[in-house]
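Residues per chain, in single letters:
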Amino acid sequence: MAAYDVGKCGKNTWVLTVDPADKHRSETHPEGTSRRDWSIASLALVIASAILVIAVLVANLQSPRVALALLISLIGSLLVFALLLAGVFQQMHRTERQARTVFEDREQEFCQMADNIQEVFWVIDPETRTATYVNPAYEAITGRSCQSLIEEPSSYEKAIHPDDRAHVLGKLKQAAQSGHFEERFRIVRPEGKVRWVWVRGFPRKDGNGKVIRLGGTALDITALKEAEDQVAANLAKANSAWAEAEALRKATLALTEDLHMDCVLDALLRSLAELVPYSCARVLVPEGGPHWLALGEKSCPEPATKSPRSPLTFVADESPFFQRIWSERKPILIPDTRQQEGWQTFAGHTQFRSWLSVPLAASEEFLGFLSVGHVEPKHFTEDHLRRAELLAIPAAVAIQNARLYSTAEIYGSELEKRLADLQKAEQALHQSEAGRRVSEEKFQKIFHSSPVAFSITTLEEGRFLEVNAAFEARYGYSRQEVLGRTVYELKIWDDPADRRLLLTHLQRGGPLRNVITRLRAKSGEIKLTAYSADRIEFDGQKCILAVSEDLVTHDPKCTN
């Protein structure tokens, strides 16, 4: 049997080594079994012939007739042997032709399959890692000809992406021992286009279990890889959007926890650091005329030792750059301040290399700017600017509410006096239980003659049971228009949630004092109101006695 067979598939011709495993199977084939049987029969015939020759010689000495008979028997045996030998040779020739036909048919089927599948089918020598077979799909996927592999069997290594080559070849080296190979990696076509392939290998072993050949497939998975990358990118965007939304939600809650201005500014700058990493952030507000003040300031990271210093103040007229920002009142992003004309005139900001700013406005009122800077150039992106704009919306509302809260505290003493009058009225009501008629008369007198707006509503429904003349004057409703109707039907509360919060507080047992809220008059006008209330019994029902009054505005210049 020849040491090598030549296999041909399409336009590819490869020399394939016949391995010992194939040889072992050929010996166990029925053709090999016939040869063993013929060898045994031949040996038996030779022994029988030798015995006849010896018998002829012995008989020739004793009896010529017996010797002649034995000689004839020997010649007959040789003729029979010759006929049997001719039949065996003919059977062997026929079997060989059948085996060759089956082999050629299977080889043709394999070649047809290999030439038409989209996957690359390959075979390499595990010791040298040189290719011994590859189908035409190799050309379609790699862009390299099969002829190039015939001329240089290891040239397939050049197709592997340089960043993946060492890893893939290392895995192939390990596959020479394990016989298993499965990797996803990139290849580079001659025109420079990068493709992704999924390569799997399986072993071919000899009778001793040694890997003598490594074969496998390679599939182009570029479209699948791109789809996976797109899914991963979309997932990353979704996670980023969720994290951003969660940060904004927490920031909005933090801005409403405490209405004191210092707490609002601290919550704002802390929340901003989670959305837009910065070196220093400030809230710039106008003080009147061209003068500006940094109402709040925070540095990241915080200095180890904080030295007390005055807030940053500057004059807008001294910086043409800031004058333009102030006049436009639009979000702005500066990637590199050294390339920004007039930046050096911006007091207190010259140390920043990248900077962004968004205006703060609530109820169409301009409150100032949110100034965010970083010491590194090109640190901020359009995405950072977008996040700052989103945070500026609740931040402006919180700053405006903090200002209103500060104004309300100024009038706290006056409201306390009004509440003292209310307490006296309540005490008078409690003390007059023994003489109900007298008490009712006193209550009615106090209730209707008071210059402050009084109202009595049921606790649960908010249905009006009584109002005084001051209430009618303040809200524009007549007494007949409100009695029997609820606060929800009249839409007295600008935000019904405010009443639910006040109701919860009253149900816990405590009266309300100095609560600033917004109530709507019949004309639709929203009145900023100092609201006080307590629970009472009226006509056998659980009710709310409420006092509402306008906040008095004082001109600070008139206090001297």
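For clarity, every value in this text was computed on a predicted model and none was experimentally measured. Within any chain, residue numbers begin from 1 and follow the written order of that chain's sequence. Where local features are concerned, this predicted model is filtered to residues with pLDDT of at least 70; where side-chain atom pairs are given and counted, the filter is 80 or more; whole-chain, interface and lining totals use all residues. Based on all heavy atoms of the structure, the side-chain values leave hydrogens and waters out of the count.

Novice: Tell me about the packing of aromatic side chains, and please be specific about residues and values.
Specialist: Any two of the Phe, Tyr and Trp rings considered here, Trp counted by its six-membered ring, make a pair once their centres fall within 6.5 Å; the pair's planes then place it as stacked at under 30 degrees, edge-to-face at over 60, or tilted in between. Enumeration over the complete set of coordinates arrives at 20 aromatic pairs. A ring pair is formed by Phe 322 and Phe 369, whose centres lie 5.9 Å apart and whose planes are at 70 degrees; its orientation type is edge-to-face. Remark: Phe 369 occurs in strand S13 (residues 365-374) and Phe 322 occurs in helix H9 (residues 320-328); sequence separation between them is 47 residues. The exposure class assigned to Phe 322 is buried, which follows from its relative accessible area of 1%. The interplanar angle of 65 degrees and the centroid separation of 5.1 Å between the aromatic rings of Trp 493 and Tyr 531 together place this pair among those described as edge-to-face. Highlighted residues: Trp 493 in the loop between helix H15 (487-490) and helix H16 (496-507) and Tyr 531 in strand S17 (residues 526-538), separated in sequence by 38 residues. Of the two residues examined, Trp 493 and Tyr 531, each falls in the buried class. Whether a charge lies above a ring is judged from NZ of Lys or CZ of Arg, which has to be within 6 Å of the ring centre and within 35 degrees of the ring normal. The positively charged end of Arg 184 is found above the aromatic ring belonging to Trp 198, 5.4 Å away from the centroid. Sitting over the face of the ring of Trp 196, Lys 225 holds its NZ or CZ atom 4.5 Å from the ring centroid. Here a helix means four or more residues in a row that DSSP labels H or I, a strand means two or more in a row labelled E, and each is numbered from the N terminus. Throughout, exposure labels follow a simple rule: accessible area from a 1.4 Å probe, protein chains only, divided by the maximum for the residue type, with under 20% read as buried, over 50% as exposed, and the rest as partly exposed.

Novice: Describe the sheet that holds strand S12 (residues 354-362), and please don't skip the residues or the numbers.
Specialist: For two strands to count as paired, DSSP must find a minimum of two bridges between them. In space, the 6 strands of this open sheet follow the order S10-S9-S8-S13-S12-S11, with antiparallel pairing throughout. In the strand order of this sheet, the two ends are held by strand S10 (313-315) and strand S11 (332-334), each with one partner. Across the sheet, the axes of successive neighbouring strands diverge by a mean angle of 25 degrees, strand direction being ignored. Note that strand S9 (residues 291-299) and S10 share 3 bridges and pair antiparallel. Residue pairing across strands places Leu 293 opposite Thr 313, the latter belonging to S10. Residue contacts are counted whenever heavy atoms from the two residues lie within 4.5 Å of one another. Inter-axis angles, ranging from 0 to 180 degrees, are taken between N-to-C directions of lines fitted to C-alpha atoms, where helices are fitted over the stretch in contact. In the packing of H9 onto the sheet, the strands contacted are strand S8 (280-288), S9, S10, S11, S12 and S13, and the crossing angle to S13 comes to about 130 degrees.

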